Amino acid sequence: MKTLYSGDLSPYSAKVRMQIYAKGISDIQLERPPGFPLEEWRKTSPIGRIPVLKLEDGTLIAESEVIAEYLEETYPEPRLLGATPVETARIRTVSRMADIYLMNNMFQISGQSNRANRNDGVRDLLANGVIRNVKALEHYIGEDGFAVSGRLTIADCSLVPALFLIQNVLPTTDVEDPIPGAPKVAAYWAAIQKNEHAAAILVELYRGLEERRELIRRMNAKAKAEAAAAG
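Here is what the cut-offs are and how they apply
Residues numbered from 1 in each chain as written. Predicted model: local features only at pLDDT ≥ 70, side-chain atom pairs only at ≥ 80, totals over all residues. Heavy atoms only, no water. Helix = DSSP H or I, 4+ residues; strand = E, 2+ residues; numbered from the N terminus. Buried < 20%, exposed > 50% of the residue type's maximum accessible area, 1.4 Å probe, protein only. Lys, Arg positive; Asp, Glu negative; His and termini not counted. Salt bridge = Lys/Arg side-chain N within 4 Å of Asp/Glu carboxyl O. Contact = heavy atoms within 4.5 Å. Axes fitted to C-alpha atoms, helices over the stretch in contact; angles between N-to-C directions. Left-handed = near helix turned anticlockwise from the far one by under 90°. Nonpolar A, V, L, I, M, F, W, Y, C, P; charged D, E, K, R; others polar. Pairing = 2+ DSSP bridges.

Caption draft 1: Structural detail: unusual backbone geometry. Note that the residue after Ile50, namely Pro51, is joined by a cis bond; omega there is 10°. Inspection of the secondary structure assignment puts Pro51 in the loop between strand S2 (28-31) and strand S3 (52-54). A cis geometry characterises the amide bond from Glu77 onward to Pro78, with omega recorded as -10°. In this structure, Pro78 sits in the loop between helix H2 (64-74) and helix H3 (85-109). Here Ser149, not a glycine, exhibits a phi torsion of approximately 75°, which is positive. With respect to the secondary-structure elements, Ser149 resides in the loop between helix H4 (120-140) and helix H5 (154-168). One non-glycine residue, Asp174, adopts positive backbone phi at about 65°.

Caption draft 2: Local environment of the side chain of Glu138. Mapping Glu138 onto the fold places it in helix H4. As a buried residue without a salt bridge, Glu138 has its nearest oppositely charged side chain in Lys184, at a separation of 5.8 Å. Setting aside anything within four residues of it in sequence, one finds Glu138 in contact with Ala182, Pro183, Lys184 and Val185.

Caption draft 3: How the structure looks around the pattern of salt bridges. Applying the stated criterion to the full structure yields 21 salt bridges. A salt bridge links Lys2 to Asp27, with the nearest nitrogen and oxygen atoms 3.4 Å apart. Placement of the pair is Lys2 in strand S1 (residues 2-5) and Asp27 in the loop between helix H1 (11-23) and S2, with a sequence separation of 25 residues. Residue Glu143 is joined to Lys184 by a salt bridge in which the shortest nitrogen-to-oxygen separation is 4.0 Å. Here Glu143 is found in the loop between H4 and H5, whereas its partner Lys184 is found in helix H6 (residues 183-192), with 41 residues between them in sequence.

Caption draft 4: Summary view of the packing of H1 against H5. At a closest axis distance of 8 Å, the pairing of H1 and H5 adopts a crossing angle of 145°. Note that H1 runs across H5; the crossing there is right-handed. Where H1 abuts H5, its residues Pro11, Ala14, Lys15, Met18 and Gln19 lie against Ile154, Asp156, Cys157, Ser158, Val160, Pro161 and Leu165. Each residue belonging to the contact of H1 with H5 can be placed in one class, and the counts come to eight nonpolar, two polar and two charged.

Caption draft 5: Summary view of the sheet that holds S3. The strand order across the open sheet formed by four strands is S2-S1-S3-S4, and the pairing between neighbours is mixed. The sheet terminates laterally at S2 and strand S4 (60-62), the two strands that pair on one side only. Neighbouring strand axes in the sheet, compared pairwise and without regard to direction, differ in orientation by 20° on average. Alignment of S1 against S3, held across three bridges, turns out to be antiparallel. Bridging from a neighbouring strand, Tyr5 pairs with Val52 of S3. Together, S1, S2, S3 and S4 form the strand contacts of H2, whose direction differs from that of S4 by roughly 120°.

The following block contains the structure:
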């Protein structure tokens, strides 16, 4: 068995998991990475990020886009890229927009949710990048319930976790969710959530989000208790 080290709330992990579900791959087990996010995990993966795919011979493949390409080559059906080079280019364009311009900015902006520790300049820089590229996505997004090509592709696997973060995390930084202001993106987001593979990923993402919120609640309660004891 191969092993995908991933986490529920990791958007890049969610991207790969959605690809696995869509392809019906049954010989990859999902595990939480041992020692993540501590330095211990870097002994397994020097990058220190997830997901990481471990092959049967112990070979480790890092980076979600690289893992996605590996899975497309080793599990070619159903194909989540295009039937022609041009179609594949369109799919990859939307996928890369989700990865670089949406997901990456959202990954970084999540640390700006706490007003007490917020850097407004950092928050605004990242948020403006998200808002600008949601508007850009209007030019590329499909109008038939899928991102590109009228069927599920790698573009959907990347967009679902990206839009989830925008909807659920961006408002916690006191920035309005830009999805409703982009009609085609909003229509796509409403439609894709009904897809069985997207729905499965969203269950996991919401579970991870609730776990994170519970951890923050516990940390805040502990801090308050320690402050009260010291005072």
